[in-house]
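Architecture and fold: a report
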Amino acid sequence: MKLRFLTPARRELMRAAAWYDTQSAGLGDRLLDSVRVGLRAIREFPNAHPPLDKWYRRFLLDTFP
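Attention in this report is confined to the structure presented alongside it. (Residues numbered from 1 in each chain as written. Predicted model: local features only at pLDDT ≥ 70, side-chain atom pairs only at ≥ 80, totals over all residues. Heavy atoms only, no water.)

1. Digging into the overall build of the protein chain
Tallying secondary structure elements over the protein chain gives two helices and zero strands in all. Taking the principal axes of the C-alpha coordinates as reference, the protein chain spans close to 35 × 25 × 20 Å. Classification of the 65 residues of the protein chain by burial places 18% in the buried group. Restricting the contact set of the protein chain to residue pairs at least 6 apart, pairs at least 24 apart contribute 38%. A total of about 5,600 Å² of accessible surface is found on the protein chain, and carbon and sulfur atoms cover 55% of it. For the protein chain, the separation between the mean place of its 12 positive charges and that of its 7 negative charges on side chains is 8 Å. (Helix = DSSP H or I, 4+ residues; strand = E, 2+ residues; numbered from the N terminus. Buried < 20%, exposed > 50% of the residue type's maximum accessible area, 1.4 Å probe, protein only. Contact = heavy atoms within 4.5 Å. Areas by Shrake-Rupley, 256 points an atom, 1.4 Å probe, with all protein chains shown as cover. Lys, Arg positive; Asp, Glu negative; His and termini not counted. Charge placed at Lys NZ, Arg CZ, Asp CG, Glu CD.)

The following block contains the structure:
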């Protein structure tokens, strides 16, 4: 399975990580680690996550909204 981040999504993720770092040092890195774990889970078990429609599924991070 191939996953990709569109440029706007990548920018949003990096802005979110920077914002979390302003809340607590290292929290932005924890967000990025959580996203990496999520991406790995999606690659390994793509059908384990609830579908949103025909093409998309949802994976929610445990710690971050």
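2. Some points on helix 2 (residues 27-44)
Along its 18 residues, helix 2 runs 26 Å from first to last C-alpha, staying within 8% of the 26 Å computed at 1.5 Å per residue. Inspection of helix 2 places Leu27, Gly28, Leu31, Leu32, Ser34, Val35 and Gly38 among the buried residues, and these make up the whole buried set. On an axial view of helix 2, the arc spanned by its buried residues comes to 160°, and they lie on one face. Where helix 2 is buried, its residues touch helix 1 (7-23). (Expected span 1.5 Å × (residues − 1). Arc of directions from axis to C-beta.)

3. Focus on the nonpolar core
Formed by Leu13, Ala17, Tyr20, Leu27, Leu31, Leu32, Val35 and Phe64, the largest nonpolar core amounts to eight residues. At the level of elements, helix 1 and helix 2 are the ones that each hand at least two residues to this core. A total of four residues in this core trace back to one element, the largest contributor, which is helix 2. Residues in contact with tyrosine 20, not counting those within four places in the same chain, are Leu27, Gly28, Leu31, Phe64 and Pro65. (Core = buried A, V, L, I, M, F, W, Y, C linked by side-chain atoms within 4.5 Å.)

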